[in-house]
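In case you want the letters, here they are:
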Amino acid sequence: MNIYYFNITVLRNRNVFGEVVKTLDDARAEKISRLRVTADKLRSAGAGILINFIKEKYNIAGDVKVDKFGKPYFEDTDIHFNISHSGCYVIAAVSDEDIGIDIQKIKSDKHRIAEKNFLPSECAYINEIEDEKINQQRFCEIWTIKEAYLKNIGIGLRKPLNSFEIDFSEDAPQIVGKKEYKFVQLKFDEKYIVTVCADQSDEIFDVEEVLVLSLIHI
């Protein structure tokens, strides 16, 4: 398993953004042109950068397709990947097995969302320490675990988040009754939580930043 991430901040430079769009496929460029919010355009371009990077690194010729549940995959290869974005980051995970990844920026005022989407045991885990920063971080830990798991199994948010439980009693979190999945959690810039849901065989992983200036010429 390998994890690649890209910081979209550099794309705020119009010259850099313009050069990046030239390197993307027509479908991605068209999607970007339809987006109205600048941040969404930058994140979509960042996703295109990571996809191109992965295709080149793993010698993948096939295009990216999306299955009926919305999970992306590469044609004509056994390599699996998944992608997510939040705030300034776009991040992707690549594996020989099914993979899911999610990133969330840590924000406040998530209590109502937790009560609506999480189980009582998970809400208790969030609030067991009277520290708002820890509460916010734990909310994002749970949210990204659940989303990464659902993205791994390929059904996205079609399965309610409160229909399965996360157990925090062991050294690493796990889905109750689903010990075949491994969760890797990372923290970026003290503001973002990343969770990867992988097969238990993915014991070793690397994290690499993708730099746009190494991919284009200005």
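Residues numbered from 1 in each chain as written. Predicted model: local features only at pLDDT ≥ 70, side-chain atom pairs only at ≥ 80, totals over all residues. Heavy atoms only, no water.

Examining the nonpolar core
Soluble, globular proteins show a tendency: their nonpolar side chains are buried together. Under the convention used in this document: Throughout, nonpolar core names a set of buried Ala, Val, Leu, Ile, Met, Phe, Trp, Tyr and Cys residues whose side chains join them through atoms within 4.5 Å. Each residue's exposure class comes from its accessible area (1.4 Å probe, protein chains only) as a fraction of the maximum for that residue type: buried when under 20%, exposed when over 50%, partly exposed otherwise. Where helices and strands are cited, they refer to DSSP runs of H or I of at least four residues and of E of at least two residues respectively, numbered from the N terminus.
Membership of the largest hydrophobic core comes to 27 residues, with the highest contact counts inside it found for L11, V20, L50, I54 and I83. When residues of this core are traced back to their parent elements, those giving at least two are β1 (2-7), α1 (14-23), α3 (38-57), β4 (80-86) and β5 (89-95). With 22 residues, the next largest nonpolar core counts C123, I145, Y181 and F183 among its residues.

Here we look at unusual backbone geometry
Look at N59: it is not a glycine, yet its phi comes out positive at around 55°. Mapping N59 onto the fold places it in the loop between α3 and β2 (64-66). Phi is positive for E190, which is not a glycine, with a value near 60°. Tracing the sequence through the fold places E190 in the loop between β9 (181-188) and β10 (192-199).

Observations concerning the state of the cysteines
To keep things clear, this is the line we draw: We call a pair of cysteine sulfur atoms a disulfide when they lie within 2.5 Å.
Within this structure, the stated rule accounts for zero disulfides. Not engaged in a disulfide, the cysteine C88 finds its nearest cysteine sulfur in C140; these two sulfurs lie 15 Å apart. Classification of C88 by relative accessible area gives partly exposed; the value is 22%. Of all cysteine sulfurs, the one in C140 lies closest to C197, which takes part in no disulfide; the gap is 18 Å. Relative accessible area serves as the criterion here: at 0%, C197 is assigned to the buried category.

With respect to the packing of aromatic side chains
Convention followed: Any two of the Phe, Tyr and Trp rings considered here, Trp counted by its six-membered ring, make a pair once their centres fall within 6.5 Å; the pair's planes then place it as stacked at under 30 degrees, edge-to-face at over 60, or tilted in between.
Tallying each qualifying case throughout the model produces 13 aromatic pairs. When the centroid spacing of 6.1 Å and the interplanar angle of 55° are considered together, the rings of F118 and W143 count as tilted. Residue F118 is found in the loop between α4 (111-117) and α5 (120-127), and its partner W143 is found in helix α6 (residues 132-153); the two are separated by 25 residues along the sequence. Taken individually, F118 and W143 each receive the classification buried, so the pair is uniform in this respect. Grouped by ring-pair contacts, the aromatic residues Y5, Y89, F188 and Y192 constitute a single cluster.

Observations concerning the pattern of salt bridges
Applied cut-off: Here, a salt bridge means any Lys or Arg side-chain nitrogen found within 4 Å of an Asp or Glu carboxyl oxygen.
Using the criterion set out here, one finds nine salt bridges in the structure. When the shortest N-O distance is used, the salt bridge between D98 and K71 registers 4.0 Å. Of this pair, D98 sits in the loop between β5 and β6 (100-105) while K71 sits in the loop between β2 and β3 (72-74), and the two are 27 residues apart along the sequence.

Overview of the sheet that holds strand β11 (residues 206-209)
Whenever strands of a sheet pair, they do so through backbone hydrogen bonds, lying parallel or antiparallel. Note the cut-off: In this analysis, strands are considered paired if DSSP registers two or more bridges between them. Whenever a helix is involved, its axis is fitted only over the stretch in contact; in every case the axis is a line through C-alpha atoms, and angles between N-to-C directions fall within 0 to 180 degrees.
Here four strands make up an open sheet; going across it, the order is β4-β5-β1-β11 and the pairing mixed. Of all the strands in the sheet, just β4 and β11 have a single pairing partner and so form its edges. Along the sheet, successive strands turn relative to each other by an average axial angle of 20°, direction set aside. The sheet contact formed by β1 and β11 spans four bridges and is parallel. The residue bridging Y4 from the neighbouring strand is E208, located in β11.

A short note on the packing of α1 against α3
For clarity, the threshold we go by: Note on angle classes: values under 35 degrees are labelled roughly parallel, values over 145 roughly antiparallel, values of 65 to 115 roughly perpendicular, and the remainder oblique. Here is the rule for handedness: rotate from the far helix to the near one, and if that takes an anticlockwise turn smaller than a right angle the crossing is left-handed, while a clockwise turn gives right-handed. In this description, contact between two residues means that some pair of their heavy atoms is separated by no more than 4.5 Å. Side-chain classes are defined by residue name, with Ala, Val, Leu, Ile, Met, Phe, Trp, Tyr, Cys and Pro counting as nonpolar, Asp, Glu, Lys and Arg as charged, and the others, Gly among them, as polar.
Relative orientation of the contacting elements α1 and α3 amounts to 50°, with a least axis distance of 10 Å. Classified by the angle between their axes, α1 and α3 sit oblique to one another. By crossing handedness, the relation of α1 to α3 is classed as left-handed. Across the interface between the two elements, F17, V20 and T23 from α1 touch K41, L42, A45, I49 and N52 from α3. Its residues assigned to classes, the contact of α1 with α3 shows five nonpolar, two polar and one charged.

Examining the pairing of β1
In terms of strand pairing, β1 meets β5 through six bridges, oriented antiparallel. For N2, the partnering residue across the bridge sits in β5 and is V94.

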